[in-house]
Amino acid sequence: MKFITTLFVLVASITLSTASDFDYCNHFCAHSALLNETSGSVGSVGRTSFYFADGQFPPSVYNAQDGVCGLTVNLANDYITITGVVYATDPSTGFFLNIQGRRVATTEPMLELSSASYKANGGSIDPSTWYQYSLVSGALTGFGAYQNTMIVLAESMHPLQLGYGANGKNYNLGISAWFDYNIDGKMYMSDINVDIVCKDYICVPGFNLTNAEDNYAVTYKSSNTGVDTKYTFVDPTGVFVEDAQLASAVIGGQIRRSDQSSLDQCNLAMLFTRDYTYNTPHKELPSSSYKENGGSIDTSLWRYYQLTSASIECPTFSTSIATYEGMDLQVGYGANGKNVNFGASAWFEYNNTANGQIIDRGILDINVDLICGPLSPTPAPTLAPTPAPTPVPTLAPTPVPTDAPTPAPTPVPTDAPTPAPTPVPTDAPT
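Here the structure is a predicted model, which means the values were calculated and not measured. (Residues numbered from 1 in each chain as written. Predicted model: local features only at pLDDT ≥ 70, side-chain atom pairs only at ≥ 80, totals over all residues. Heavy atoms only, no water.)

### Description of the packing of aromatic side chains
Evaluation of the coordinates by the stated rule reveals 20 aromatic pairs. On the basis of an interplanar angle of 75° and a centroid distance of 6.0 Å, the ring pair of Y87 and F143 is categorised as edge-to-face. Of the two residues, Y87 is situated in strand 7 (residues 79-87) and F143 in strand 9 (residues 131-143); the sequence distance between them amounts to 56 residues. Residues Y87 and F143 agree in their burial class; the two are buried. Seen from their ring centres, Y131 and Y133 are 6.5 Å apart, and the 65° between their planes marks the pair as edge-to-face. (Phe/Tyr/Trp six-rings, centres within 6.5 Å; stacked < 30°, edge-to-face > 60°. Helix = DSSP H or I, 4+ residues; strand = E, 2+ residues; numbered from the N terminus. Buried < 20%, exposed > 50% of the residue type's maximum accessible area, 1.4 Å probe, protein only.)

Shown next as structure tokens:
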């Protein structure tokens, strides 16, 4: 495994940002930011999601896949998580990206648009509404030409910034951040620039909730020792995303041992393509759970995905994965094999290697509940206006217009409420 280390850069904080429109959405799809209205120029002259400076990891420019939600942004409890896949021009090569940040007081933002774009100079972009996040963890796990390469990121220059115009490329809602990484003792730079769009339905791996002892999502079943080692996704990094056509899927995130005996976190990245010919459900629930035996689980509704590429990179070992006995990832109600919830499960053969030597092998399985939307904040905008009008305009008139049309004739809408609901107004003031 090629392991690339980093040096963290500390950043001071000053004042908190004010609330913005994106407060009302927690889950986003990210796409490459097009260079537009930057430095006074207008027009699409470039695009990038993640960029390696100094020509590292050719072709240096990597983009999220167009037309799908393969790169996601989740906001929760003052944390931001960016998870997904960025590809080279050749889609067989790329990186699984996992970045987590914690919201901090706002420092001086990085302003990369033309000066006329900003509110202080008469423009529409107001950096005071941006959110900023210090880096908690960041890693890229390679596949294709960069299989078994893991790049650990460190914060550089400025915290990650989120807001309208914050991507430094255009006026859209977006994100930008700058990172350092180390190769053989030499520091290099990279950055991320994406537009983000609110996404109502994003599935996030959860735990198997059958009982407390089964609180796990990933299990290594060692053939060498016979010991099962169980891992959970580090909340909220785990993500499961299917594209809009349900033709491909991504599972990824950071995992940690369930017994908490080790604080080492591993980066997991798995890519799948839809398998329309596979139709062999792996049934692990009691037979009475399934439709053919009178139960509620209908396996004909499950979707199946074939493994394309995968890797798990840990500080002390690397895991390579292959399909186990031709079994596909299965997705649907009861498909997790642990309960009747909407979920997913899959089985793989694995080899763990360290310093070029295989140190363990066996069977790896994944069993997760999938918590699916609508997760974006429908309640937030609804509740905000409700409290104010509730006491007077909403509740007071409701009984009158509702009851009036029924007993009272249409031509007398004004007088009808007085005689018909006499008991109501009499009691109401009392």
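### What to know about the state of the cysteines
A full pass over the atoms with the stated rule returns one disulfide. A sulfur-sulfur separation of 2.0 Å characterises the disulfide bridge that pairs C266 with C314. Across the S-S bond linking C266 and C314, the dihedral sits near 110°, which makes this disulfide right-handed. In this pair, C266 sits in strand 20 (residues 266-274) while C314 sits in the loop between strand 21 (303-313) and strand 22 (318-323), placing the two residues 48 residues apart along the sequence. Assigned by exposure class, C266 and C314 land together as buried. (Disulfide = S-S within 2.5 Å.)

### Things to note about unusual backbone geometry
The linkage connecting P58 with the following residue, P59, adopts the cis geometry, with an omega of 15°. The residue P59 is located in the loop between strand 4 (50-52) and strand 5 (61-62) in this model. One non-glycine residue, F57, lies in positive phi territory at about 50°. Relative to the helices and strands, F57 resides in the loop between strand 4 and strand 5. Its identity as a non-glycine residue notwithstanding, N355 has a phi of 55°, on the positive side. Following the sequence through the fold, N355 ends up in the loop between strand 24 (342-354) and strand 25 (357-371). Of the residues examined, N355 reaches a relative accessible area of 80% and is grouped as exposed.

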